[in-house]
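Report on the structure
Listed here are the chains, written in short residue letters.
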Amino acid sequence: MDEYRSQNACLFANVIDFSMEENQLVYISNVMTCIFNALFAVPAIVGNILVVLAIWKTHLARSPSNILLSTLAFADLQVGLIVQTLFVCHKMAEIFKAEELSCYARFVYIVFGYCITAVSLLTLTAIALERFLALHLHLRYKEVVTKKRILIAACSFWVLGIAVTSLYFVQRSVFGSIVIASEVLSIVITSVAYIKIYKIVRRHAREIQCQRRFDPGTQVELNMKKYQRSTFTMVIVFMLSFVCYVPYSLVMVAKLKYGFTVPVKVATDVFSTVVCINSSLNPFIYCWRMKEIKQAVWAVIKRNTGVNPVATEQSTMTFNPLPPKRLDYGSGCKTVPEAPHESVK
């Protein structure tokens, strides 16, 4: 009887793995995941709103890097504002046996959850490629990586996210395969990009070390240090996302193989909560590692609390290649390639 009722709780009960089956493990999981999502939704909303405003209300929006960062922050904002809020609603309704409300809340939560996850994954990959192109293209960077193209790419991420999510309700197995393949491809592309960046930076560091003997404290050296810090910040964000996403992907594989059993249901709730918590941590990483983001966030806070904000530094995430500097002191040192003008993070 309970299974029959669960499958007829709402119009979407048959396509969203909806179950009201409960035991002690499920009850504890419902309560704990509900509490954690409610608590972490607040920093996810407030933190990412501040980051988005800090970028788009200041000169920081001129940089392609910052536009991609704001895209990621906006996706994280939707996690706290919509996904975690609906998750709490879904679990509260399940605890108090309100089947219809729980079913509809889960449906909307799944739609937005998968869509936003796709956008976040695509954006993280795009950030890695943008970091690589900043070094690889040198003076052609501004010509190739334009603000307009970055905005088009950001919008296309949302279109792709919606398209892939729609497959969840059409062909579940195809959707699962696409999600897993996309995650693997994204991890491979992002990892390769950062490995190539590491190799290029090491080569530049050797050349700059040679230059330092004749021209200490050069602007090229300062720019490269800022670039390294900014790129390492995004590596931290990527690795954190990787740690959060992979367990949930394994749960999806288990769901395809064993069905939506009680253990799979509990694992799904727990690891989807872990994925959501990731969105709450990212704003703190930005402010910890990125000096200009931290300053812009404080400026937004001060401006909205009636205090005159301290003038922030000019955005150093904007790519501003320097002309190559040739050293010819008979020492065998090579030309030091231009370094992107990056932010201190």
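Keep in mind that this is a model prediction, so the values were computed, not measured.

**Description of the packing of helix α2 (residues 24–56) against helix α3 (residues 64–95)**
Contact geometry for α2 and α3: axes closest at 7 Å, N-to-C directions at 155°. It follows from the interaxial angle that α2 and α3 lie roughly antiparallel. Judged by the sense of rotation from one axis to the other, the crossing of α2 with α3 is left-handed. Taken together, the residues of the contact of α2 with α3 break down into 24 nonpolar, eight polar and three charged.

**Focus: the environment of alanine 205**
Among the secondary structure elements, alanine 205 is positioned in helix α7 (residues 172–212). Using a relative accessible area of 33% as the deciding quantity, one classes alanine 205 as partly exposed. When the C-alpha positions of alanine 205 and lysine 225 are compared, they lie 9.2 Å apart, and in sequence the two are 20 residues distant.

**Digging into helix α4 (residues 99–136)**
The end-to-end C-alpha distance of α4 is 55 Å, a good match for the 56 Å that 38 residues give at a rise of 1.5 Å each. By the criterion of burial, α4 is predominantly enclosed, with 27 of the 38 residues buried. Looking one or two residues past α4, histidine 138 carries a phi angle of roughly 55°, positive in sign.

**Some points on unusual backbone geometry**
If you check the backbone angles, lysine 97 has positive phi at about 65° while not being a glycine. You can call lysine 97 partly exposed: its relative accessible area is 47%.

**Considering the pattern of salt bridges**
If you walk through the whole model with that rule in mind, you get four salt bridges. Among the salt bridges present, the one from glutamate 94 reaches lysine 91, with a minimum N-O distance of 3.2 Å. Here the residue glutamate 94 and the residue lysine 91 both occupy positions in helix α3, the gap between them amounting to three residues, near one helical turn. A residue is classified by how much of its surface remains accessible, and glutamate 94, at 1% relative accessible area, is buried. For lysine 91, a relative accessible area of 1% translates into the label buried. Glutamate 94 serves as the salt-bridge partner of lysine 265, at 2.6 Å between the closest nitrogen and oxygen. With lysine 265 in helix α9 (residues 262–289) and glutamate 94 in helix α3, this pair connects stretches of sequence that are 171 residues apart. Judged by relative accessible area, lysine 265 falls into the buried class, the value being 5%.

**A word on α2**
Here α2 spans 47 Å end to end across 33 residues, near enough to the 48 Å set by a 1.5 Å rise per residue. Its maximal kink placed at phenylalanine 40, α2 deviates by approximately 25°, while the proline proline 43 follows within four residues.

**What to know about the nonpolar core**
By size, the foremost hydrophobic cluster in this structure holds 66 residues, and its most contacted members are Tyr286 and Ile293. Counting residues per element, the ones that place at least two in this core are α2, α3, α4, α6 (147–166), α7, α8 (219–258), α9 and α10 (291–304). The element contributing the most residues to this core is α4, with 15 residues. Residues in contact with isoleucine 293, not counting those within four places in the same chain, are Ile55, Leu60, Asn66, Leu69 and Tyr286.

**A word on the packing of aromatic side chains**
Following the criterion strictly, the structure yields nine aromatic pairs and no others. Ring geometry for phenylalanine 87 and tyrosine 109: centres 5.3 Å apart, planes at 70°, overall edge-to-face. Here tyrosine 109 lies in helix α4 and phenylalanine 87 lies in helix α3, a separation of 22 residues in the sequence. With respect to class, phenylalanine 87 is no different from tyrosine 109; both count as buried. Relative to phenylalanine 169, the ring of tyrosine 168 has its centre 5.1 Å away and its plane inclined at 80°; by these criteria the two rings are edge-to-face. Given the relative accessible area of 2%, tyrosine 168 is considered buried. One aromatic cluster is present, formed by Phe107, Tyr114, Tyr168, Phe169 and Phe175 through successive ring pairs. One Lys or Arg, arginine 289, reaches over the ring of tryptophan 288 and ends 5.6 Å from the middle of that ring.

Rules of the game
Residues numbered from 1 in each chain as written. Predicted model: local features only at pLDDT ≥ 70, side-chain atom pairs only at ≥ 80, totals over all residues. Heavy atoms only, no water. Axes fitted to C-alpha atoms, helices over the stretch in contact; angles between N-to-C directions. Helix = DSSP H or I, 4+ residues; strand = E, 2+ residues; numbered from the N terminus. Parallel < 35°, antiparallel > 145°, perpendicular 65-115°, else oblique. Left-handed = near helix turned anticlockwise from the far one by under 90°. Nonpolar A, V, L, I, M, F, W, Y, C, P; charged D, E, K, R; others polar. Buried < 20%, exposed > 50% of the residue type's maximum accessible area, 1.4 Å probe, protein only. Expected span 1.5 Å × (residues − 1). Salt bridge = Lys/Arg side-chain N within 4 Å of Asp/Glu carboxyl O. Bend = angle between axes of the 7 residues up to and from the residue. Core = buried A, V, L, I, M, F, W, Y, C linked by side-chain atoms within 4.5 Å. Contact = heavy atoms within 4.5 Å. Phe/Tyr/Trp six-rings, centres within 6.5 Å; stacked < 30°, edge-to-face > 60°. Lys NZ or Arg CZ within 6 Å of the ring centre and 35° of its normal.

The values are spatial; any link to function lies outside them.
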